[in-house]
Amino acid sequence: MGIRTAVSASWRHAVTGVLAAVAGIAAGHLVAGLTNPAASPVLAVGSTVIDATPTPVKEWAVAHFGTNDKPILLGSVTLVTLLLAAAAGVLGRRRPAVAVTFVVVLAALATAAALTRPVAAPADALPGATAAVVGLGVLALLFRLIAGGARRAGLALTAYPTAGDSRRSFLLGATGVAVGAVGVATLGQKLASSGDTGVTTLPAPRDPAPAFPAGLEARVDGISPLRTSNAAFYRVDTNLVVPRVSADRWRLRITGMVDHELTFSYRDLLAMPLIERDITMTCVSNEVGGGYVGAARWLGVRLADLLERAGVHADADQLLSTAVDGFTIGTPMKVVRDGRDALVAVGMNGKPLPDKHGFPARLVTPGLYGFVGATKWLTTLTATTYAKDQAYWTRRKWATDAPIKTSARIDAPRPLSTIQAGTTAIGGVAWAQHRGVAGVEVSIDGGPWQKATLGPDVGLDYWRQWYLPWKATSGRHQLRARAVDRTGAVQTDQRATPFPSGSSGIQEVIVLVG
Ligand SMILES: Nc1nc2c(c(=O)[nH]1)N[C@H]1C(S)=C(S)[C@@H](COP(=O)(O)O)O[C@H]1N2
Ligand SMILES: [Mo]
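Just so it is clear, the model here is predicted, and its values are computed rather than measured.

Calculation rules
Residues numbered from 1 in each chain as written. Chains lettered and ligands numbered in written order. Predicted model: local features only at pLDDT ≥ 70, side-chain atom pairs only at ≥ 80, totals over all residues. Heavy atoms only, no water. Helix = DSSP H or I, 4+ residues; strand = E, 2+ residues; numbered from the N terminus. Buried < 20%, exposed > 50% of the residue type's maximum accessible area, 1.4 Å probe, protein only. UniProt positions renumbered as here; feature names shortened; annotations may be inferred. Expected span 1.5 Å × (residues − 1). Pairing = 2+ DSSP bridges. Phe/Tyr/Trp six-rings, centres within 6.5 Å; stacked < 30°, edge-to-face > 60°. Lys NZ or Arg CZ within 6 Å of the ring centre and 35° of its normal.

With an omega of 5 degrees, the peptide bond between F359 and P360 qualifies as cis. Structurally, P360 can be placed in the loop between strand 8 (351–352) and strand 9 (362–364). Across the junction of A412 and P413, the peptide omega takes the value -5 degrees, indicating a cis bond. Topologically, P413 is positioned in the loop between strand 11 (407–412) and strand 12 (418–419). One non-glycine residue, D445, adopts positive backbone phi at about 50 degrees. Looking at where D445 falls in the secondary structure, it is placed in the loop between strand 14 (437–444) and strand 15 (450–451). A relative accessible area of 42% places D445 in the partly exposed class.

Within the UniProt annotation, "domain: Oxidoreductase molybdopterin-binding" (unreviewed entry) is assigned to residues 241–390. What you have in residues 241–390 is 12% helix and 38% strand, and the ends, taken at the C-alpha atoms, are 25 Å apart.

Time to look at helix 4 (residues 69–91). Over its 23 residues, helix 4 runs 33 Å from end to end, which matches the ideal 33 Å to within 8%, given 1.5 Å per residue. Taken as a whole, helix 4 has its buried residues at K70, L73, V77, T81, A85, A86, A88 and G89.

Strand order in the open sheet formed by four strands is 11-13-17-16, and the pairing between neighbours is antiparallel. Both outer strands of the open sheet, strand 11 and strand 16 (453–454), are each paired with one neighbouring strand and no more. Where strand 16 meets strand 17 (residues 464–472), two bridges bridge the pair, whose relative direction is antiparallel. Residue T453 lies in a different strand from strand 17, and its bridge partner there is Y467.

Our focus in this paragraph is the packing of aromatic side chains. Tallying each qualifying case throughout the model produces 12 aromatic pairs. Their ring planes at 75 degrees and their centres at 5.0 Å tell us that Y392 and W393 sit as a pair that is edge-to-face. Accessibility expressed as a relative area gives 7% for Y392, which makes it buried. Note on W393 and W398: the rings are 6.0 Å apart at their centroids and 70 degrees apart in plane angle, and the pair reads as edge-to-face. One exposure class covers both W393 and W398, and it is buried. One aromatic cluster in this structure is built from F327, F371, Y392, W393, W398 and F499. Above the plane of the ring of F170 lies R12, whose end atom (NZ or CZ) is 6.0 Å from the centre. The positively charged end of R396 is found above the aromatic ring belonging to Y392, 3.7 Å away from the centroid.

Right under this line is the structure:
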(Lines give C-alpha, C1' and ligand atoms only; values in the text may rest on other atoms or scores of the structure.)
(Ligands and ions follow the chains in the order given, each with its own letter.)
Protein backbone atom coordinates (compact mmCIF):
# COMPACT_ATOMS: atom_id res chain seq x y z
CA MET A 1 0.00 0.00 0.00
CA GLY A 2 1.52 3.37 -1.07
CA ILE A 3 1.80 6.36 1.24
CA ARG A 4 -1.07 8.16 -0.48
CA THR A 5 -3.43 5.26 0.03
CA ALA A 6 -2.33 4.97 3.65
CA VAL A 7 -3.05 8.66 4.26
CA SER A 8 -6.43 8.58 2.60
CA ALA A 9 -7.26 5.38 4.44
CA SER A 10 -6.65 7.11 7.77
CA TRP A 11 -8.80 9.96 6.64
CA ARG A 12 -11.59 7.54 5.98
CA HIS A 13 -11.09 6.00 9.40
CA ALA A 14 -11.23 9.44 11.02
CA VAL A 15 -14.43 10.19 9.11
CA THR A 16 -15.84 6.85 10.20
CA GLY A 17 -15.15 7.65 13.86
CA VAL A 18 -16.80 11.05 13.52
CA LEU A 19 -19.83 9.68 11.66
CA ALA A 20 -20.34 6.88 14.17
CA ALA A 21 -20.44 9.49 16.97
CA VAL A 22 -22.63 11.91 15.00
CA ALA A 23 -25.11 9.23 13.90
CA GLY A 24 -25.30 7.82 17.44
CA ILE A 25 -25.88 11.26 18.95
CA ALA A 26 -28.48 12.10 16.28
CA ALA A 27 -30.36 8.86 16.91
CA GLY A 28 -30.21 9.50 20.66
CA HIS A 29 -31.53 13.02 20.09
CA LEU A 30 -34.49 11.67 18.14
CA VAL A 31 -35.38 9.12 20.83
CA ALA A 32 -35.05 11.89 23.45
CA GLY A 33 -37.34 14.10 21.37
CA LEU A 34 -39.97 11.39 21.61
CA THR A 35 -39.48 10.67 25.31
CA ASN A 36 -37.68 13.42 27.26
CA PRO A 37 -35.70 16.15 25.45
CA ALA A 38 -33.43 16.70 28.47
CA ALA A 39 -32.13 13.11 28.18
CA SER A 40 -30.61 13.80 24.75
CA PRO A 41 -26.89 12.80 24.82
CA VAL A 42 -25.37 16.25 24.23
CA LEU A 43 -27.87 18.02 26.50
CA ALA A 44 -27.56 15.55 29.37
CA VAL A 45 -23.76 15.76 29.28
CA GLY A 46 -23.92 19.56 28.88
CA SER A 47 -26.26 19.94 31.89
CA THR A 48 -24.01 17.74 33.98
CA VAL A 49 -21.02 19.87 33.01
CA ILE A 50 -22.98 23.05 33.97
CA ASP A 51 -23.84 21.68 37.41
CA ALA A 52 -20.25 20.55 37.96
CA THR A 53 -18.68 23.83 36.82
CA PRO A 54 -17.13 25.76 39.72
CA THR A 55 -18.81 29.09 40.49
CA PRO A 56 -15.90 31.35 39.37
CA VAL A 57 -15.74 29.64 35.96
CA LYS A 58 -19.52 30.03 35.57
CA GLU A 59 -19.30 33.71 36.41
CA TRP A 60 -16.48 34.13 33.93
CA ALA A 61 -18.52 32.39 31.23
CA VAL A 62 -21.62 34.51 31.90
CA ALA A 63 -19.51 37.69 31.96
CA HIS A 64 -17.74 36.89 28.67
CA PHE A 65 -20.39 35.10 26.67
CA GLY A 66 -23.64 36.42 28.22
CA THR A 67 -26.61 34.34 27.13
CA ASN A 68 -24.36 32.72 24.50
CA ASP A 69 -22.75 30.74 27.33
CA LYS A 70 -24.96 27.72 26.62
CA PRO A 71 -24.42 27.43 22.84
CA ILE A 72 -20.70 27.90 23.49
CA LEU A 73 -20.72 25.16 26.12
CA LEU A 74 -22.63 22.78 23.84
CA GLY A 75 -20.32 23.62 20.96
CA SER A 76 -17.22 22.87 23.05
CA VAL A 77 -18.60 19.56 24.33
CA THR A 78 -19.43 18.59 20.74
CA LEU A 79 -16.09 19.69 19.31
CA VAL A 80 -14.06 17.77 21.90
CA THR A 81 -16.24 14.68 21.33
CA LEU A 82 -15.76 14.82 17.56
CA LEU A 83 -11.97 15.27 17.83
CA LEU A 84 -11.80 12.23 20.11
CA ALA A 85 -14.08 10.34 17.71
CA ALA A 86 -11.75 11.09 14.79
CA ALA A 87 -8.78 9.90 16.82
CA ALA A 88 -10.63 6.73 17.86
CA GLY A 89 -11.49 6.09 14.20
CA VAL A 90 -7.84 6.40 13.14
CA LEU A 91 -6.67 4.11 15.94
CA GLY A 92 -9.48 1.74 15.04
CA ARG A 93 -7.81 1.09 11.73
CA ARG A 94 -5.25 -1.21 13.35
CA ARG A 95 -7.27 -2.03 16.43
CA PRO A 96 -11.02 -1.93 15.79
CA ALA A 97 -11.55 -2.58 19.51
CA VAL A 98 -10.38 0.97 20.25
CA ALA A 99 -13.12 2.48 18.08
CA VAL A 100 -15.73 0.10 19.47
CA THR A 101 -14.69 0.91 23.04
CA PHE A 102 -14.87 4.65 22.28
CA VAL A 103 -18.44 4.44 21.00
CA VAL A 104 -19.50 2.30 23.97
CA VAL A 105 -17.82 4.59 26.52
CA LEU A 106 -19.32 7.70 24.89
CA ALA A 107 -22.82 6.21 24.96
CA ALA A 108 -22.29 5.02 28.55
CA LEU A 109 -21.25 8.54 29.64
CA ALA A 110 -24.32 10.05 27.98
CA THR A 111 -26.54 7.42 29.64
CA ALA A 112 -24.97 8.03 33.05
CA ALA A 113 -25.39 11.80 32.62
CA ALA A 114 -29.06 11.36 31.67
CA LEU A 115 -29.78 8.98 34.55
CA THR A 116 -28.15 11.21 37.17
CA ARG A 117 -30.14 14.35 36.25
CA PRO A 118 -32.22 15.47 39.24
CA VAL A 119 -35.51 14.24 37.83
CA ALA A 120 -34.37 11.26 35.78
CA ALA A 121 -36.60 8.30 34.93
CA PRO A 122 -35.41 4.82 33.84
CA ALA A 123 -36.60 5.59 30.29
CA ASP A 124 -33.88 8.26 30.11
CA ALA A 125 -31.42 5.42 29.41
CA LEU A 126 -33.02 4.87 25.99
CA PRO A 127 -31.31 7.71 24.05
CA GLY A 128 -27.85 6.53 25.20
CA ALA A 129 -28.63 2.90 24.41
CA THR A 130 -29.87 3.87 20.96
CA ALA A 131 -26.73 5.94 20.42
CA ALA A 132 -24.57 2.87 21.22
CA VAL A 133 -26.43 0.58 18.82
CA VAL A 134 -26.49 3.10 15.95
CA GLY A 135 -22.87 4.19 16.54
CA LEU A 136 -21.60 0.59 16.46
CA GLY A 137 -23.70 -0.15 13.38
CA VAL A 138 -22.16 2.80 11.52
CA LEU A 139 -18.65 1.75 12.59
CA ALA A 140 -19.19 -1.77 11.30
CA LEU A 141 -20.67 -0.60 8.01
CA LEU A 142 -18.04 2.01 7.15
CA PHE A 143 -15.04 -0.07 8.28
CA ARG A 144 -16.23 -2.81 5.96
CA LEU A 145 -16.64 -0.41 3.09
CA ILE A 146 -13.09 0.88 3.63
CA ALA A 147 -11.80 -2.69 3.63
CA GLY A 148 -13.32 -3.05 0.18
CA GLY A 149 -15.98 -5.25 1.56
CA ALA A 150 -18.87 -3.65 -0.27
CA ARG A 151 -20.22 -7.09 -1.00
CA ARG A 152 -19.88 -8.21 2.60
CA ALA A 153 -21.59 -5.03 3.68
CA GLY A 154 -24.43 -6.00 1.42
CA LEU A 155 -23.79 -3.22 -1.10
CA ALA A 156 -22.58 -5.17 -4.11
CA LEU A 157 -21.41 -2.51 -6.56
CA THR A 158 -19.15 -4.62 -8.76
CA ALA A 159 -18.26 -8.28 -8.78
CA TYR A 160 -14.52 -7.67 -8.18
CA PRO A 161 -13.97 -4.65 -5.96
CA THR A 162 -10.82 -2.59 -6.61
CA ALA A 163 -9.29 0.17 -4.42
CA GLY A 164 -11.25 2.76 -6.44
CA ASP A 165 -14.52 0.92 -5.92
CA SER A 166 -13.94 0.69 -2.20
CA ARG A 167 -13.28 4.44 -2.07
CA ARG A 168 -16.45 5.10 -4.02
CA SER A 169 -18.58 2.81 -1.95
CA PHE A 170 -17.13 4.33 1.23
CA LEU A 171 -17.97 7.82 0.01
CA LEU A 172 -21.47 6.71 -0.85
CA GLY A 173 -21.97 5.00 2.50
CA ALA A 174 -20.48 7.92 4.47
CA THR A 175 -22.63 10.47 2.65
CA GLY A 176 -25.70 8.34 3.30
CA VAL A 177 -24.90 8.16 7.02
CA ALA A 178 -24.23 11.91 7.22
CA VAL A 179 -27.45 12.86 5.44
CA GLY A 180 -29.42 10.38 7.54
CA ALA A 181 -27.91 11.74 10.76
CA VAL A 182 -28.77 15.34 9.89
CA GLY A 183 -32.35 14.33 9.05
CA VAL A 184 -32.77 12.33 12.25
CA ALA A 185 -31.26 15.09 14.43
CA THR A 186 -33.47 17.73 12.81
CA LEU A 187 -36.57 15.66 13.44
CA GLY A 188 -35.49 15.14 17.06
CA GLN A 189 -34.98 18.88 17.49
CA LYS A 190 -38.44 19.58 16.04
CA LEU A 191 -40.03 17.18 18.50
CA ALA A 192 -38.04 18.59 21.42
CA SER A 193 -38.99 22.21 20.82
CA SER A 194 -42.63 21.97 19.79
CA GLY A 195 -44.45 24.94 21.26
CA ASP A 196 -46.16 26.24 24.38
CA THR A 197 -48.64 24.17 26.31
CA GLY A 198 -51.95 25.24 24.79
CA VAL A 199 -53.38 27.10 27.80
CA THR A 200 -54.45 30.48 26.43
CA THR A 201 -56.83 32.23 28.81
CA LEU A 202 -56.63 33.13 32.48
CA PRO A 203 -59.34 34.29 34.87
CA ALA A 204 -59.59 37.99 35.73
CA PRO A 205 -57.84 39.08 38.92
CA ARG A 206 -59.89 39.55 42.10
CA ASP A 207 -57.43 42.29 43.04
CA PRO A 208 -56.28 44.00 39.82
CA ALA A 209 -53.30 46.32 39.55
CA PRO A 210 -54.08 49.99 38.81
CA ALA A 211 -54.36 51.06 35.16
CA PHE A 212 -50.92 50.92 33.61
CA PRO A 213 -49.56 54.40 32.78
CA ALA A 214 -48.01 55.41 29.45
CA GLY A 215 -44.23 55.27 29.63
CA LEU A 216 -41.60 57.73 28.45
CA GLU A 217 -40.58 55.52 25.53
CA ALA A 218 -42.80 57.49 23.14
CA ARG A 219 -40.92 60.68 24.05
CA VAL A 220 -37.35 59.64 24.88
CA ASP A 221 -35.47 57.89 22.10
CA GLY A 222 -33.74 54.65 23.06
CA ILE A 223 -35.16 54.35 26.60
CA SER A 224 -36.40 50.92 27.78
CA PRO A 225 -40.19 50.56 27.55
CA LEU A 226 -41.94 50.93 30.91
CA ARG A 227 -43.09 47.32 30.61
CA THR A 228 -40.92 44.57 29.16
CA SER A 229 -42.72 42.34 26.68
CA ASN A 230 -42.65 38.59 27.29
CA ALA A 231 -40.60 38.17 24.13
CA ALA A 232 -37.97 40.70 25.24
CA PHE A 233 -37.81 39.54 28.89
CA TYR A 234 -34.39 38.20 29.89
CA ARG A 235 -34.08 34.50 30.58
CA VAL A 236 -31.71 32.97 33.11
CA ASP A 237 -31.75 29.35 34.26
CA THR A 238 -29.58 26.27 34.34
CA ASN A 239 -31.53 24.40 31.66
CA LEU A 240 -30.24 23.63 28.20
CA VAL A 241 -33.76 22.74 27.07
CA VAL A 242 -36.79 24.62 28.35
CA PRO A 243 -38.89 22.26 30.50
CA ARG A 244 -42.33 21.67 29.04
CA VAL A 245 -44.85 20.90 31.73
CA SER A 246 -48.33 19.51 31.22
CA ALA A 247 -50.81 21.73 33.05
CA ASP A 248 -53.09 18.71 33.54
CA ARG A 249 -50.53 16.58 35.31
CA TRP A 250 -48.79 19.42 37.20
CA ARG A 251 -49.28 19.76 40.98
CA LEU A 252 -48.05 22.26 43.55
CA ARG A 253 -47.33 20.69 46.93
CA ILE A 254 -46.81 22.58 50.18
CA THR A 255 -45.00 20.47 52.72
CA GLY A 256 -42.30 20.37 55.43
CA MET A 257 -42.77 22.22 58.71
CA VAL A 258 -46.49 22.87 58.25
CA ASP A 259 -49.69 21.88 60.06
CA HIS A 260 -51.45 20.79 56.87
CA GLU A 261 -49.78 19.45 53.76
CA LEU A 262 -51.58 20.88 50.75
CA THR A 263 -51.67 19.98 47.08
CA PHE A 264 -53.06 22.16 44.32
CA SER A 265 -53.75 21.45 40.67
CA TYR A 266 -53.42 24.16 38.03
CA ARG A 267 -57.23 24.38 38.00
CA ASP A 268 -57.26 24.78 41.81
CA LEU A 269 -54.84 27.71 41.57
CA LEU A 270 -56.87 29.43 38.85
CA ALA A 271 -60.02 29.06 40.98
CA MET A 272 -58.42 30.92 43.91
CA PRO A 273 -58.59 34.72 44.32
CA LEU A 274 -55.86 36.05 42.05
CA ILE A 275 -53.90 39.23 42.53
CA GLU A 276 -52.20 41.26 39.82
CA ARG A 277 -48.95 43.10 40.55
CA ASP A 278 -46.33 45.09 38.64
CA ILE A 279 -42.90 43.80 39.65
CA THR A 280 -39.41 44.30 38.24
CA MET A 281 -37.20 41.22 38.37
CA THR A 282 -33.41 41.30 38.40
CA CYS A 283 -30.80 38.58 38.14
CA VAL A 284 -27.97 38.60 40.65
CA SER A 285 -25.60 38.03 37.70
CA ASN A 286 -26.56 41.41 36.23
CA GLU A 287 -23.52 43.65 35.87
CA VAL A 288 -23.90 47.38 36.49
CA GLY A 289 -25.58 48.69 33.32
CA GLY A 290 -26.55 45.15 32.24
CA GLY A 291 -29.67 43.67 30.74
CA TYR A 292 -30.66 40.88 33.15
CA VAL A 293 -33.59 42.91 34.42
CA GLY A 294 -37.18 43.07 33.24
CA ALA A 295 -40.46 44.60 34.39
CA ALA A 296 -43.79 42.86 33.96
CA ARG A 297 -47.36 42.59 35.21
CA TRP A 298 -47.78 39.30 37.08
CA LEU A 299 -50.99 37.46 37.93
CA GLY A 300 -51.09 34.83 40.63
CA VAL A 301 -52.00 33.64 44.09
CA ARG A 302 -50.57 35.55 47.04
CA LEU A 303 -47.87 33.30 48.49
CA ALA A 304 -48.58 34.42 52.06
CA ASP A 305 -52.20 33.17 51.70
CA LEU A 306 -50.99 29.71 50.69
CA LEU A 307 -48.50 29.58 53.57
CA GLU A 308 -51.21 30.76 55.96
CA ARG A 309 -53.50 27.93 54.86
CA ALA A 310 -50.73 25.38 55.31
CA GLY A 311 -49.93 26.71 58.80
CA VAL A 312 -46.16 27.20 58.64
CA HIS A 313 -44.39 26.47 61.94
CA ALA A 314 -42.78 29.43 63.68
CA ASP A 315 -39.29 27.90 63.62
CA ALA A 316 -39.18 27.44 59.83
CA ASP A 317 -36.82 30.16 58.58
CA GLN A 318 -36.50 29.05 54.95
CA LEU A 319 -39.05 28.46 52.21
CA LEU A 320 -37.37 25.94 49.93
CA SER A 321 -38.93 25.70 46.51
CA THR A 322 -38.28 22.87 44.10
CA ALA A 323 -38.81 22.97 40.36
CA VAL A 324 -39.70 20.39 37.74
CA ASP A 325 -36.04 20.36 36.66
CA GLY A 326 -34.83 19.55 40.18
CA PHE A 327 -33.52 23.09 40.66
CA THR A 328 -34.04 24.52 44.15
CA ILE A 329 -34.32 28.02 45.58
CA GLY A 330 -34.29 29.07 49.23
CA THR A 331 -36.23 32.18 50.17
CA PRO A 332 -36.09 33.72 53.65
CA MET A 333 -39.43 32.97 55.35
CA LYS A 334 -39.45 36.37 57.05
CA VAL A 335 -39.27 38.10 53.67
CA VAL A 336 -42.18 36.26 52.09
CA ARG A 337 -44.27 36.84 55.21
CA ASP A 338 -43.45 40.52 55.79
CA GLY A 339 -46.49 41.74 53.87
CA ARG A 340 -44.93 42.18 50.42
CA ASP A 341 -46.83 40.72 47.49
CA ALA A 342 -44.77 37.62 46.74
CA LEU A 343 -46.83 35.45 44.43
CA VAL A 344 -47.15 32.07 42.87
CA ALA A 345 -47.60 33.54 39.41
CA VAL A 346 -49.54 31.93 36.57
CA GLY A 347 -49.74 34.96 34.28
CA MET A 348 -47.22 37.37 32.78
CA ASN A 349 -48.35 40.51 30.96
CA GLY A 350 -51.87 39.18 30.43
CA LYS A 351 -50.80 35.76 29.12
CA PRO A 352 -50.23 32.39 30.79
CA LEU A 353 -46.53 32.14 31.70
CA PRO A 354 -44.48 31.31 28.62
CA ASP A 355 -42.64 27.96 28.90
CA LYS A 356 -39.28 29.67 29.25
CA HIS A 357 -40.53 31.83 32.12
CA GLY A 358 -41.82 28.90 34.16
CA PHE A 359 -45.18 27.57 32.91
CA PRO A 360 -47.45 26.62 34.59
CA ALA A 361 -46.45 28.47 37.79
CA ARG A 362 -43.48 30.29 39.24
CA LEU A 363 -42.57 32.27 42.29
CA VAL A 364 -42.11 36.04 42.03
CA THR A 365 -40.75 37.73 45.14
CA PRO A 366 -40.55 41.52 44.92
CA GLY A 367 -37.23 42.90 46.13
CA LEU A 368 -35.13 39.72 45.93
CA TYR A 369 -32.84 38.62 43.12
CA GLY A 370 -34.27 35.82 41.00
CA PHE A 371 -32.02 33.09 42.40
CA VAL A 372 -33.55 33.48 45.88
CA GLY A 373 -37.16 34.18 45.00
CA ALA A 374 -38.27 33.47 41.44
CA THR A 375 -38.47 29.68 41.06
CA LYS A 376 -39.76 28.73 37.60
CA TRP A 377 -41.66 25.49 36.86
CA LEU A 378 -42.44 25.39 40.58
CA THR A 379 -43.63 22.06 42.03
CA THR A 380 -42.99 22.04 45.77
CA LEU A 381 -42.79 24.58 48.56
CA THR A 382 -41.12 23.14 51.67
CA ALA A 383 -41.10 25.00 54.96
CA THR A 384 -37.69 24.19 56.43
CA THR A 385 -34.59 25.75 57.99
CA TYR A 386 -31.29 26.98 56.58
CA ALA A 387 -29.56 24.66 59.03
CA LYS A 388 -31.22 21.65 57.42
CA ASP A 389 -31.48 22.38 53.68
CA GLN A 390 -29.42 24.27 51.13
CA ALA A 391 -30.60 25.38 47.71
CA TYR A 392 -28.77 25.03 44.37
CA TRP A 393 -26.85 28.33 44.36
CA THR A 394 -26.39 28.47 48.11
CA ARG A 395 -24.53 25.16 47.92
CA ARG A 396 -22.33 26.97 45.43
CA LYS A 397 -21.61 29.69 47.99
CA TRP A 398 -23.94 32.41 46.72
CA ALA A 399 -25.79 34.47 49.34
CA THR A 400 -28.85 33.13 51.17
CA ASP A 401 -30.65 36.45 51.55
CA ALA A 402 -30.10 38.73 48.58
CA PRO A 403 -32.11 41.96 48.36
CA ILE A 404 -31.79 43.70 44.98
CA LYS A 405 -29.33 46.59 45.07
CA THR A 406 -30.38 50.07 43.96
CA SER A 407 -29.19 50.74 40.44
CA ALA A 408 -29.64 53.22 37.59
CA ARG A 409 -28.99 52.17 34.02
CA ILE A 410 -28.27 54.48 31.09
CA ASP A 411 -30.12 53.27 27.97
CA ALA A 412 -29.54 56.33 25.79
CA PRO A 413 -27.20 57.35 24.36
CA ARG A 414 -25.73 53.87 23.81
CA PRO A 415 -22.28 53.32 25.27
CA LEU A 416 -19.53 54.22 22.77
CA SER A 417 -22.05 55.48 20.22
CA THR A 418 -21.54 58.61 18.13
CA ILE A 419 -24.37 61.14 18.29
CA GLN A 420 -24.98 64.52 16.72
CA ALA A 421 -24.28 67.72 18.62
CA GLY A 422 -27.37 69.58 19.84
CA THR A 423 -30.24 69.00 22.21
CA THR A 424 -30.79 65.36 23.09
CA ALA A 425 -31.69 63.38 26.19
CA ILE A 426 -29.80 61.08 28.48
CA GLY A 427 -32.27 58.47 29.70
CA GLY A 428 -32.77 55.05 31.18
CA VAL A 429 -34.35 53.09 33.98
CA ALA A 430 -33.60 52.79 37.69
CA TRP A 431 -34.70 50.24 40.25
CA ALA A 432 -34.69 49.86 44.03
CA GLN A 433 -37.33 47.17 44.45
CA HIS A 434 -39.45 47.30 47.58
CA ARG A 435 -37.81 50.56 48.68
CA GLY A 436 -38.86 52.53 45.59
CA VAL A 437 -36.95 55.04 43.47
CA ALA A 438 -37.12 58.59 44.83
CA GLY A 439 -34.81 60.18 42.29
CA VAL A 440 -32.12 59.74 39.67
CA GLU A 441 -29.10 61.99 39.27
CA VAL A 442 -26.79 62.38 36.31
CA SER A 443 -23.23 63.65 36.19
CA ILE A 444 -21.70 64.75 32.88
CA ASP A 445 -17.90 64.74 32.55
CA GLY A 446 -17.46 64.49 36.31
CA GLY A 447 -19.60 67.59 36.90
CA PRO A 448 -22.21 68.07 39.65
CA TRP A 449 -25.04 65.57 40.08
CA GLN A 450 -28.12 66.92 38.30
CA LYS A 451 -31.67 65.79 39.01
CA ALA A 452 -33.23 63.83 36.17
CA THR A 453 -36.96 63.92 35.41
CA LEU A 454 -38.72 60.72 36.47
CA GLY A 455 -41.29 58.82 34.46
CA PRO A 456 -44.60 57.52 35.89
CA ASP A 457 -44.64 55.80 39.28
CA VAL A 458 -45.75 52.16 39.03
CA GLY A 459 -45.04 51.36 42.67
CA LEU A 460 -42.25 50.43 45.08
CA ASP A 461 -41.48 47.13 43.40
CA TYR A 462 -41.25 48.54 39.88
CA TRP A 463 -38.49 50.31 38.03
CA ARG A 464 -38.73 53.95 37.07
CA GLN A 465 -37.85 55.55 33.78
CA TRP A 466 -35.84 58.80 33.88
CA TYR A 467 -34.26 61.34 31.52
CA LEU A 468 -32.19 64.50 31.54
CA PRO A 469 -32.24 66.89 28.57
CA TRP A 470 -28.68 67.52 27.40
CA LYS A 471 -27.09 70.04 25.05
CA ALA A 472 -24.41 67.81 23.63
CA THR A 473 -21.30 69.62 22.42
CA SER A 474 -18.81 67.96 20.09
CA GLY A 475 -16.12 65.84 21.66
CA ARG A 476 -15.90 62.84 23.92
CA HIS A 477 -18.13 62.81 27.01
CA GLN A 478 -18.47 60.70 30.10
CA LEU A 479 -21.99 60.15 31.50
CA ARG A 480 -22.83 58.66 34.90
CA ALA A 481 -26.19 58.04 36.58
CA ARG A 482 -27.15 57.01 40.10
CA ALA A 483 -30.45 56.38 41.84
CA VAL A 484 -31.69 57.42 45.26
CA ASP A 485 -34.21 55.18 47.01
CA ARG A 486 -37.16 56.34 49.10
CA THR A 487 -35.31 55.75 52.35
CA GLY A 488 -32.94 58.48 51.10
CA ALA A 489 -30.05 56.07 50.48
CA VAL A 490 -27.91 56.99 47.46
CA GLN A 491 -26.73 54.23 45.13
CA THR A 492 -23.23 53.26 46.21
CA ASP A 493 -20.19 53.92 44.03
CA GLN A 494 -18.47 50.97 45.73
CA ARG A 495 -17.87 48.37 43.05
CA ALA A 496 -18.84 44.77 43.69
CA THR A 497 -18.93 41.72 41.42
CA PRO A 498 -22.21 39.82 41.00
CA PHE A 499 -20.87 37.04 43.27
CA PRO A 500 -22.06 36.48 45.97
CA SER A 501 -24.92 38.97 46.43
CA GLY A 502 -25.20 41.23 43.38
CA SER A 503 -23.11 43.83 41.56
CA SER A 504 -22.82 47.43 42.68
CA GLY A 505 -21.11 50.60 41.49
CA ILE A 506 -22.05 53.41 39.16
CA GLN A 507 -22.31 52.94 35.42
CA GLU A 508 -20.09 55.12 33.24
CA VAL A 509 -20.94 55.61 29.60
CA ILE A 510 -18.61 57.18 27.07
CA VAL A 511 -20.20 58.83 24.01
CA LEU A 512 -18.73 60.67 21.06
CA VAL A 513 -20.56 63.76 19.89
CA GLY A 514 -19.88 64.54 16.20
N1 LIG B 1 -36.36 26.19 37.92
C2 LIG B 1 -35.54 27.25 37.85
N3 LIG B 1 -36.00 28.45 38.26
C4 LIG B 1 -35.20 29.54 38.21
C5 LIG B 1 -33.87 29.44 37.76
C6 LIG B 1 -33.41 28.16 37.34
O7 LIG B 1 -32.25 28.00 36.93
N8 LIG B 1 -34.28 27.09 37.40
N9 LIG B 1 -33.08 30.58 37.73
C10 LIG B 1 -33.45 31.70 38.58
C11 LIG B 1 -32.75 32.92 38.27
S12 LIG B 1 -31.10 32.97 38.64
C13 LIG B 1 -33.39 34.03 37.78
S14 LIG B 1 -32.60 35.51 37.66
C15 LIG B 1 -34.80 33.96 37.36
C16 LIG B 1 -34.94 34.43 35.94
O17 LIG B 1 -36.27 34.34 35.50
P18 LIG B 1 -36.62 34.62 33.98
O19 LIG B 1 -35.79 33.66 33.17
O20 LIG B 1 -38.07 34.42 33.83
O21 LIG B 1 -36.20 36.04 33.70
O22 LIG B 1 -35.32 32.66 37.45
C23 LIG B 1 -34.95 31.95 38.61
N24 LIG B 1 -35.70 30.73 38.64
MO1 LIG C 1 -30.42 35.04 38.40
